[in-house]
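In case you want the letters, here they are:
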Amino acid sequence: MDNIIAITGATGFIGRALAQRLAAAGWHVRALVRAASYPQRPQDFAAEWVVGELQDPETMQRLVADTTAVVHCAGTVRGAVQNDFDRVNVDGTRQLVRTAAMQERVPRFLLISSLAAREPQLSHYAASKRRAEEALAAHAGDMFWGAFRPPAVYGPGDREMRPLFQWMFRGVAPLIGADHSRISLLYVEDLAGAVIGWLNNGWQQQQIFELHDGKLQGYTWQEIIAVVEQMRGKTIHRVTIPVSVVDLLAAFNLLSRKVFGGMPMLTPGKVRELTHPDWVADNSQLSLETGWKPEVSLMEGLKRTFA
Ligand SMILES: NC(=O)c1ccc[n+]([C@@H]2O[C@H](COP(=O)([O-])OP(=O)(O)OC[C@H]3O[C@@H](n4cnc5c(N)ncnc54)[C@H](OP(=O)(O)O)[C@@H]3O)[C@@H](O)[C@H]2O)c1
C-alpha cells in the first residue's frame, strides 16, 4: 500500500478534523492513540489505530512504517512549568522525527506547530512550539518537511475559542485589558484543506508556513464582535477585565497546581499570549507554494460551528 499516512493527535480537535479529511481524500489513515483515550477514539473516519505514547520508539516505528507522509498534530496546550510542555511538544516531536527520518523509504513530514512559535519568549507553550520546530529541522536530515503555524483555530469540537464566542452570542464580550491586539483566525476545515494542499503540491522543501482565513491584517476584537453582532442582530456589550485581575487568577492557578496538581489553562504565560498585540499571520508563502486558498469567512465558520 503506498498511500499510508500516519497522524498523531487524531483524538483532538484539529487532528480529528484532519484525519476525517485525509480519510475522505483516499488516504489510509494510521492514527496514534494513547491507551487511556482508545475507548473514546473517534468513530467517524476509517483508521488503523496504533496504541501507545509519542515518546516510545517502538510505538513510533509501528506508526510510521511504510508511510508516505506523517502529520504530527499531537501537542499539549496546558501546563504550569516548561517541562509539562517540552515532554510532549519537544521530546515527542524529536522522537517521531528521528523515527520517520530513519525509515528505508523516508516519508514527508508535516508538523502542526503554532503562530505562538514566532514569539517563544511569551510563554512555556510558545517556547515549546519553537523548540519542536527546531527539533524537526535538526533531526530531519534529508527528509522533506513542512511546519504549519496556524493562528487561533476554531470550529466544531474546539474548546479554547468556543466559550468566548458563546459569551458573545449571549450578548457579552469579556476582553482582557485595553484591547490593542490584532489576531488572525482560521476555520478548522480550512486548515485541513491546507494540509491536503501541502500533501498534494508543496512538499519538496523544508519550510515553515503561516496561515490564516484570508482576512489580511487579521481582526481587531471590535471587528470580531461586529461580525457576531451582525449574526445575532443585537448589540454586544464589551466587559473589560483588568490585566491585573487576570494576572492574579493566573498566579493562583500556578499555586493551586503546586498543591493539588493538574494542568492549568490560565497561567501568566497564557496571559502574556492573550495580551500580545500582534497575532497577524501571512498566508502568501503557503498559497504560492501549494495553490491553497482559505474558503471559510469568520461569519460562515461561526455559522458552521454553532449550527
Ligand atoms: N487549537 C488551536 O487554536 C491551535 C492553534 C495553533 C496550533 N495548535 C496546535 O495544534 C495541535 C492540536 O491542537 P488541538 O487544539 O487539536 O488540541 P487538543 O484538542 O487538546 O488535542 C491534542 C491531541 O494531542 C494528543 N496528545 C497530547 N499529549 C499526547 C501524548 N503525550 N502522546 C500522544 N498524544 C498526545 C491528544 O491525545 P488525547 O486525546 O489522548 O489527550 C489529542 O489527540 C497542537 O499541537 C497545538 O499546539 C492549535
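Okay, so let's go over this structure. Just so you know, these numbers come straight off a predicted model, no measurement behind them. (Residues numbered from 1 in each chain as written. Predicted model: local features only at pLDDT ≥ 70, side-chain atom pairs only at ≥ 80, totals over all residues. Heavy atoms only, no water.)

As for the packing of aromatic side chains
Selection rule: Any two rings among Phe, Tyr and Trp, with Trp reduced to its six-membered ring, count as a pair given centres within 6.5 Å; such a pair is stacked if its planes are under 30 degrees apart, edge-to-face if over 60, and tilted if neither. Charge-over-ring contacts are defined here by two conditions on Lys NZ or Arg CZ: a distance within 6 Å of the ring centre and an angle within 35 degrees of the ring normal.
Counted by the stated rule, this structure contains six aromatic pairs. Taking 5.9 Å as the distance between ring centres and 40° as the angle between the ring planes, the aromatic pair formed by Phe 45 and Trp 49 counts as tilted. Grouping aromatic residues by their ring pairs yields a cluster made of Tyr 154, Phe 165 and Tyr 187. Here the basic side chain of Arg 41 rests over the ring of Tyr 38, its NZ or CZ set 3.9 Å away from the ring centre.

Description of helix H5 (residues 162-170)
Under the convention used in this document: Only protein chains enter the accessibility calculation, which uses a 1.4 Å probe; a residue is then buried when its area is under 20% of its type maximum, exposed when over 50%, and partly exposed in between. Helix and strand labels come from DSSP, where a helix needs a run of H or I of at least four residues and a strand needs a run of E of at least two; each type is numbered from the N terminus. Directions from the helix axis toward the C-beta atoms define the arc. Residue contacts are defined here by distance: any two heavy atoms, one from each residue, within 4.5 Å place the two residues in contact.
Buried within H5 are the following residues: Leu 164, Phe 165 and Met 168. Down the axis of H5, the buried side of the element spans an arc of 95°, and every buried residue falls inside it. Buried residues belonging to H5 abut strand E7 (152-154), strand E8 (172-176), helix H7 (221-232) and helix H11 (298-305). Positive phi appears at Gly 171, one or two residues downstream of H5, with a value of about 110°.

What about the pattern of salt bridges?
Under the convention used in this document: The working definition used for a salt bridge is a side-chain nitrogen of Lys or Arg within 4 Å of a carboxyl oxygen of Asp or Glu.
Counted under the stated rule, the structure contains 14 salt bridges. The salt bridge partner of Glu 48 is Arg 30, with a shortest N-O separation of 3.1 Å. In this pair, Glu 48 is assigned in strand E3 (residues 48-51) and Arg 30 in strand E2 (residues 28-33), connecting sequence segments 18 residues apart. When its relative accessible area of 33% is taken as the criterion, Glu 48 is described as partly exposed. Each of Arg 118, Glu 119, Glu 210 and Asp 278 takes part in one network of salt bridges that share partners.

Comments concerning the sheet that holds strand E5 (residues 108-112)
Backbone hydrogen bonds hold the strands of a sheet together, and the pairing may be parallel or antiparallel. Quick reminder of the rule: In this analysis, strands are considered paired if DSSP registers two or more bridges between them. For every element, the axis is a line fit to its C-alpha atoms; helices are fit only across the contacting stretch, and the angle between N-to-C directions ranges from 0 to 180 degrees.
Here we have seven strands laid out as an open sheet, ordered E3-E2-E1-E4-E5-E6-E11, and parallel in their pairing. Every interior strand has two partners, whereas the edge strands, E3 and strand E11 (206-210), have only one. Adjacent strand axes in the sheet meet at a mean angle of 20°, parallel and antiparallel pairs treated alike. Judged from the four bridges that link them, E2 and E3 form a sheet pairing that is parallel. Paired with Val 33 across the strands is Val 51, a residue of E3. Relative to strand E4 (residues 69-72), helix H3 (residues 82-101) is tilted by about 180°, and along the sheet it contacts strand E1 (4-8), E4 and E5. Here helix H4 (residues 124-139) sits on the sheet in contact with E5, strand E6 (145-149) and E11, set at roughly 170° to E6.

What about the packing of helix H1 (residues 13-24) against helix H6 (residues 188-200)?
Rules: The scheme is simple: roughly parallel for angles under 35 degrees, roughly antiparallel for over 145, roughly perpendicular for 65 to 115, oblique for anything else. Throughout, a crossing is termed right-handed when the near helix is turned clockwise from the far one, and left-handed when it is turned anticlockwise from it by less than a right angle. For this classification, Asp, Glu, Lys and Arg are treated as charged, while Ala, Val, Leu, Ile, Met, Phe, Trp, Tyr, Cys and Pro are nonpolar and the rest, including Gly, are polar.
Running from N to C, H1 and H6 cross one another at 55°; their axes reach a closest spacing of 9 Å. By the criterion of interaxial angle, the relationship of H1 to H6 is oblique. Remark: the crossing between H1 and H6 carries right-handed chirality. For the pair H1 and H6, the contacting residues are Phe 13, Ile 14, Ala 17, Leu 18, Arg 21 and Leu 22 in the first and Val 188, Glu 189, Leu 191, Ala 192, Gly 193, Val 195, Ile 196 and Leu 199 in the second. For the contact of H1 with H6, the per-class residue count stands at eleven nonpolar, one polar and two charged.

Here's the deal with unusual backbone geometry
With phi around 65°, Asp 66 is a residue other than glycine that occupies positive phi space. For Gln 217, which is not a glycine, the phi torsion comes out positive at approximately 65°. Of note, Gln 217 is situated in the loop between E11 and H7. Residue Gln 217 is classed as exposed on the basis of its relative accessible area, which comes to 52%.

Structural notes on H6
The condition that has to hold: Multiply 1.5 Å by the residue count of a helix minus one, and that product is the helix's expected span.
Compared with an ideal rise of 1.5 Å per residue, which puts 13 residues at 18 Å, H6 spans 19 Å between its outermost C-alpha atoms and is within 8% of the ideal. Where burial is concerned, most of H6 is hidden: eleven out of the 13 residues are buried. Of all the positions in H6, only Val 188, Asp 190, Leu 191, Ala 192, Gly 193, Ala 194, Val 195, Ile 196, Gly 197, Trp 198 and Leu 199 are classed as buried.

Regarding the site of the ligand
Cut-off, in case you're wondering: For this description, a residue counts as near a given molecule or strand if any of its non-hydrogen atoms is within 4 Å of it. Each polar contact in these results corresponds to two N or O atoms within 3.5 Å; when the atoms are within protein, one needs to be able to donate a hydrogen and the other to accept it, and residues that are neighboring in sequence are counted only if both atoms are side-chain atoms. In short, Shrake-Rupley with a 1.4 Å probe defines the accessible areas, and a residue's cover is counted only from the protein chains shown.
Taken together, 24 residues surround the ligand, and among them Thr 11, Arg 34, Ser 37, Tyr 125 and Lys 129 come closest. Measuring from an oxygen atom of the ligand, one finds a backbone N or O atom of Gly 9 at 3.2 Å. Gly 12 places a main-chain nitrogen or oxygen 3.0 Å from an oxygen atom of the ligand. Against a free-state accessible area of 890 Å², the protein chains account for coverage of 86% of the ligand. Counted by class, the shell around the ligand contains 13 nonpolar, seven polar and four charged residues.

With respect to the nonpolar core
Worth spelling out the cut-off: Only buried Ala, Val, Leu, Ile, Met, Phe, Trp, Tyr and Cys residues count toward a nonpolar core, and they belong to the same one when joined by side-chain atoms within 4.5 Å.
One finds Ile 7, Leu 18 and Phe 148 to be the most contacted residues of the largest nonpolar core, which totals 34 residues. Secondary structure elements with two or more residues in this core: E1, H1, E2, E4, E5 and H6. Per-element tally for this core: the top contributor is H6, with eight residues. Not counting residues within four places of it along the chain, the set of residues in contact with Phe 148 comprises Leu 110, Leu 111, Ile 112, Ser 113, Ser 114, Leu 191, Ala 194, Val 195, Trp 198, Phe 209, Leu 211 and Leu 286.

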